[in-house]
Amino acid sequence: MNFIGKPVERVEDLRLVRGRGQFVDDLHREGMLHAAVLRSSIAHGRIRSIKTAAARAMPGVHAVFTADDVARFAGGAVPTIPLRIYQQPDLVPFEQPVIAHTKVRFVGEPIAVIVAENAALAEDALDAIEVEIEVLPAVADRAAAQKSEVLLFEEKTSNTAITFLAAKGDAKSAKAPYLRREKFSVQRHSAVNLEPRGLLATWDGANTKLTVSGAAKVPFTTRRLLAQRMDLPEDCVDMVALDVGGGFGVRGEFYPEDFLIPFAARKLNRPVKWIEDRRENLLASNHSRDIACDIEIACEKDGTILAIRGFIYVDSGAYFRGTGVGVPRNVGQFLCGPYRVPNVHLETSVLMTNKAPLATYRGPGRFEGDFFRERLFDMAADDLGIDRVAFRRRNLVAKEEMPYAIATVTPNEKKEEYDSGDYVVALDRALTEIGWSKKAALQGQLVDGRYHGLGVGCFVEGGAGGLKEYARMVVEPDATVTLYVGSTSVGQGVETISIQIASEVLQIPMERIRIFHGSTTHMKEGYGSWHSRSTVMGGSAIVVVAEKLKAVVRKAAASRLRRAADEIPFGEALTAVAGMGLEADGIFENHMHTYAYGSAAAHVAVDPRTGHVEVIEYVAVHDVGRIINPLTAAGQAIGGIVQGLGGTFLEHLQYDEHGQFLTGSLADYMLPTAADFPCIRAVMLENSPSPHNPLGAKGGGEGGIVSVGGVVANAVANALSSLGVQPRDLPISPPRLWQLIEGDKR
Amino acid sequence: MKLPAFEYASPVTLAEAISLLAATGGKAKLLAGGQSLMPAMAFRLAAPELLVDLRRVPNLDRIEAVYEARAAYAKK
């Protein structure tokens, strides 16, 4: 029986489409109160006073908490939200306090929490809090941050929090017959989940137990951070993961509310619920992207790349929290993508501004780096008179060069290499799939008032981050198997593929396996779901444990049935030992990342009168090492592409020159819909298994998104080649593109 | 993004609806479909004291094209 590789329908879907999913807002507890958060309307200022008496006196209001209450509880200082990855002491001063004290540094920063009988009363009372803030000039963009005339953190001498160097070889002194230097930028945007964040915290004082529902992504890490900040032993805190409406890297990190809501529940000894509204979601969930660069490529006349060097500037917002350094580290390290670049020197400055904190969103730093690189490559190929496909083919890392060492990032340097791959095969397949040679004659042609263009690009995506994952299996009295795994579900189909993997190893039908995952109540330890890791890390942990369980069950069955262990089919053995309480647990450890890869190609038509771009066709070819489920794998790729098209054309978290937030609703922040981009295809391959895990799988959740900006912008430039239009900045909105067309005409 | 507190009236005649509007001196809003007003209230951009629901008011539930008017328009 084969289960891996089969297009099995998602086991999650029946529950969800029948309305039987359980999301945090579906939960109700007796005596439950509701919280609302007062957020700063000022981008940068000093808090002079917060008057809460009037709000406290309003009907239905149970409490108003400010930084003073939190500081008193915490024994003096307001706790901060630490970096979850790449912690370093010199970044600690930039961590976000769980509630603003002395200063506010972005519009949306929490100042007070109101707890009331219901959410409407809590919101009514927000207006009754009087906050006096001495307004300071806002640092509203990269240029203002670099000047450092106004400092976000006065104890620092600069708004540049840190500079990361991605380096390989000697790019600084590399000389070349051809050089081109360009500036590009990607706008601030992020994951906008269908379901906003939410939490329900209950405090059981008699048993010293804090239970927080609404956990996601990394429940065990969140528990550790929360327990420390609550001054509780870890096992007094339970994090419960439920169904969620999207994760994409943003949901499940530690946010201010992850402290404030449990804090309120504990202080009041009542269950407290908080559901983020859409304005808060856009204001204060992690923002991402927002990177500009000034980079140079050095080539031989034949197009062989000698070096890539230059400067990258990340507008990191007001604080570091959670995965805040993931984006600036990635953008430099992966800017060269799947190409052979012997010399790399990229300095990434991380600039603090009065905006919401920046952190990871699907394809962090990679979407941006791929846009910069693929644009630069098309310009270079054009200058050198080399076909842009030939330029890429010449420079792609070859199969024989694997494992291929890439640039390392300092500080906190770690060697990094691509594990396996035949990148040219994916490129050729993408060209075949879109019919490149047939469509070639269309390039730059005006047909019925629209210019047609083609674009192509190649990508790698990192997977399998985090060092370990845990799994456990229990044989139930009814001869079924219960599987527990540390992976969390953020809608990616983790239940389905986990059961497929378990079924494959145990050779029993999927119906005989139940899965529990995510919550800290199921296991002693777990890592979770980020960095495209659940299939590789969770899946491999399941393989390890299933093999163990198989041995345990076979042995017990052999003695019970008095037959040789290897003669007994596993299903029969399981029935024989049901009721004996057999179980197995285990860990999969891996310090090497996987690198899925591929190519994408697009065909667009541009209306020069309006600047509107129609994506006529977009095809991605994506090699994920081993396909567990072709449906969910392709689903990940296609979903990623749609999100990437949103980031390429529509999505933009905007601020004015005073740091005031301009896009607080979905009327201002535009998302892609099904009708916008109907012709998207993903071809999944499994030509190059990863050598670093028993499945050969590679994380595949982010490859779809990373190439979209570069590929589409190249197609637009190709369409408008007769007008000399070169998009250098995202998003490619109709007015912007129209201005480029009109400007270049003059 | 919950609604602020407001009074609600559901008149059954046009005259009643008009008198409710007049009596509150501009602090009332008419509620028809609510597609614009409800989000505005949820964002706390609008906080009318009274919502006058037109749901039960007769003769406001259709648009009629009157022949003479159409003929007059066609001549223009």
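Keep in mind that this is a model prediction, so the values were computed, not measured. (Residues numbered from 1 in each chain as written. Chains lettered and ligands numbered in written order. Predicted model: local features only at pLDDT ≥ 70, side-chain atom pairs only at ≥ 80, totals over all residues. Heavy atoms only, no water.)

Chemist: Can you help me understand the packing of aromatic side chains in this one?
Modeler: Centre distance and the angle of the planes are the two values used to describe a pair of aromatic rings. All names here are of chain A. One pass over the structure, following the stated rule, counts 23 aromatic pairs over all chains. Taking the centre distance of 4.7 Å and the plane angle of 75° together, the rings of Y339 and F377 count as edge-to-face. Of this pair, Y339 sits in the loop between α9 (326-333) and β17 (343-351) while F377 sits in helix α10 (residues 366-384), placing them 38 residues apart in sequence. Positioned above the aromatic ring of Y255, the side-chain terminus of R197 is 3.7 Å from the ring centre. For R533, the ring lying beneath its charged end belongs to W530, and the centroid distance is 4.5 Å. (Phe/Tyr/Trp six-rings, centres within 6.5 Å; stacked < 30°, edge-to-face > 60°. Helix = DSSP H or I, 4+ residues; strand = E, 2+ residues; numbered from the N terminus. Lys NZ or Arg CZ within 6 Å of the ring centre and 35° of its normal.)

Chemist: Even after reading the chapter, I still don't get helix α11 (residues 388-395) of chain A, so can you show me in this structure?
Modeler: Side chains three or four residues apart in an α-helix point the same way, a direct result of the helix having 3.6 residues per turn. All names here are of chain A. Taken as a whole, α11 has its buried residues at R388, V389, F391, R392 and N395. In an axial view of α11, the angular spread of the buried residues amounts to 160°, which keeps them on one side of the axis. Capping of α11 at its N-terminal end is provided by D387; its side-chain oxygen lies 3.1 Å from the backbone amide nitrogen of V389. (Buried < 20%, exposed > 50% of the residue type's maximum accessible area, 1.4 Å probe, protein only. Arc of directions from axis to C-beta. Polar contact = N/O pair within 3.5 Å; in protein donor to acceptor, adjacent residues only side chain to side chain.)

Chemist: Which parts of the structure should I look at to understand the interface of chain A and chain B?
Modeler: Note: interface size is frequently given as the accessible area lost on complex formation between the parts. Taken together, the contacts link ten residues of chain A with eight residues of chain B. Between chain A and chain B lies a buried interface of about 690 Å² when both sides are counted; carbon and sulfur atoms form 51% of it. Ranking the residues of chain A by area buried against chain B places E123(A), D124(A) and R279(A) at the top, with a combined share of 57%. There are two salt bridges connecting chain A and chain B. Residue R44(B) pairs with E123(A) through a salt bridge whose shortest N-O separation is 3.7 Å. Seen at the junction of chain A and chain B, the total is four residue pairs in polar contact (both at pLDDT 80 or more). Taken together, the elements giving at least two residues each to the side of chain A that touches chain B come down to α4 (119-126) and α8 (278-284) of chain A. It is α4(A) that provides the largest number of residues to the side of chain A that touches chain B, a total of four residues. (Contact = heavy atoms within 4.5 Å. Buried area = accessible area lost by both parts, 1.4 Å probe. Salt bridge = Lys/Arg side-chain N within 4 Å of Asp/Glu carboxyl O.)

Chemist: Sorry, what's going on with the pairing of strand β3 (residues 61-66) of chain A here?
Modeler: Every other side chain in a regular strand lies on the same face of the sheet, so the side chains alternate between the two faces. Residue and element names in this part refer to chain A. The element β3 is largely enclosed, with a buried count of five among its six residues. Here five bridges tie β3 to strand β7 (residues 110-116), and the two strands are oriented antiparallel to one another. The residue bridging V61 from the neighbouring strand is A116, located in β7. (Pairing = 2+ DSSP bridges.)

Chemist: Can you help me understand the packing of α10(A) against helix α19 (residues 708-719) of chain A in this one?
Modeler: Two measures define how a pair of helices packs: the angle their axes make with one another and the distance between the axes. All names here are of chain A. Where α10 meets α19, the axes come as close as 7 Å, and the angle between the chain directions of the two elements is 30°. Put simply, α10 runs roughly parallel to α19. The two elements α10 and α19 cross, and the hand of that crossing is right-handed. Residues F367, D370, F371, E374, R375 and D378 of α10 form the contact with α19, whose own contacting residues are V708, G709, G710, A713, N714 and A717. Within the contact of α10 with α19, the residues separate by chemical class into five nonpolar, three polar and four charged. (Axes fitted to C-alpha atoms, helices over the stretch in contact; angles between N-to-C directions. Parallel < 35°, antiparallel > 145°, perpendicular 65-115°, else oblique. Left-handed = near helix turned anticlockwise from the far one by under 90°. Nonpolar A, V, L, I, M, F, W, Y, C, P; charged D, E, K, R; others polar.)

Chemist: Teacher, can you tell me more about the side chain of D53(B) here?
Modeler: Within the fold, D53(B) resides in strand β3 (residues 50-53). Here Y8(B) takes part through its side chain, which lies 2.5 Å from a polar atom of the side chain of D53(B).

Chemist: Just checking my understanding: could you explain the confidence of the model for chain B for this structure?
Modeler: Detail in the predicted coordinates should be disregarded across regions flagged by low pLDDT. Counting all residues, the mean pLDDT for chain B is 87, and 89% of those residues have values of 70 or more. Among the scores for the predicted complex, ipTM is 0.79 and pTM is 0.95. (pLDDT = per-residue confidence, 0-100.)

Chemist: Looking at this model, I keep getting lost on the nonpolar core. Mind explaining?
Modeler: In globular proteins that are soluble, nonpolar side chains generally tend to be buried together. All names here are of chain A. Core analysis: the biggest nonpolar cluster contains 125 residues, and I297, F320, F372, F391, Y618 and L720 have the highest contact counts within it. The greatest single-element share of this core, amounting to nine residues, is contributed by α10. Apart from the residues lying within four places of it in its own chain, the contact partners of I297 are Y178, L179, R180, I305, A307, I308, L376, F377, A380 and F391. (Core = buried A, V, L, I, M, F, W, Y, C linked by side-chain atoms within 4.5 Å.)

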